[in-house]
Amino acid sequence: MDFQRGLVVRALAGRDKGGFFTVLEADADMAVICDGRRRSLEHPKRKKQKHLLATKTVLNEGSLQTNREIRGALRPFEAEGRFPQEEGTICRNRT
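(A) Main features of the nonpolar core. Counting residues in each nonpolar core, the largest one holds 10 residues, listed as Val8, Phe20, Leu24, Val32, Cys34, Leu59, Leu64, Ile70, Ala73 and Leu74. When contributions to this core are tallied by element, the ones reaching two or more residues are β2 (20-26), β3 (30-34) and α1 (67-74). Of the residues forming this core, the biggest block, 3 residues, is contributed by α1. Sequence-distant contacts of Ile70, defined by excluding residues within four places in its chain, comprise Thr22, Cys34, Asp35, Gly36, Leu41, Ser63 and Leu64. Within the second largest apolar cluster, 9 residues are counted, among which are Phe3, Leu7, Ala11 and Phe21.

(B) Region of interest: α1. Restricting attention to buried positions, one finds in α1 the residues Asn67, Ile70, Ala73 and Leu74. With its buried residues spanning 130° around the axis, α1 presents them on a single face.

Here is what the cut-offs are and how they apply
Residues numbered from 1 in each chain as written. Predicted model: local features only at pLDDT ≥ 70, side-chain atom pairs only at ≥ 80, totals over all residues. Heavy atoms only, no water. Core = buried A, V, L, I, M, F, W, Y, C linked by side-chain atoms within 4.5 Å. Buried < 20%, exposed > 50% of the residue type's maximum accessible area, 1.4 Å probe, protein only. Helix = DSSP H or I, 4+ residues; strand = E, 2+ residues; numbered from the N terminus. Contact = heavy atoms within 4.5 Å. Arc of directions from axis to C-beta.

Here you go:
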């Protein structure tokens, strides 16, 4: 699938692994992504496309105007939890 503006993607690597983002722009091997919270429209993240998993959902242009609209559009994808790898770093076997 080609990366296009509004495509919902999931990060596969890095600090934001497991998080859902939307693509703002894309070129041959890089994409500019944001989620409206940690990565806002004012400070988007450049990420290699090989570190992103594309979903089949493309947000309409009206959902990409403000950070609040982006957060609202991505909310159904984040029902399972924002960053599940952070829970794995807690040692629960200590006594």
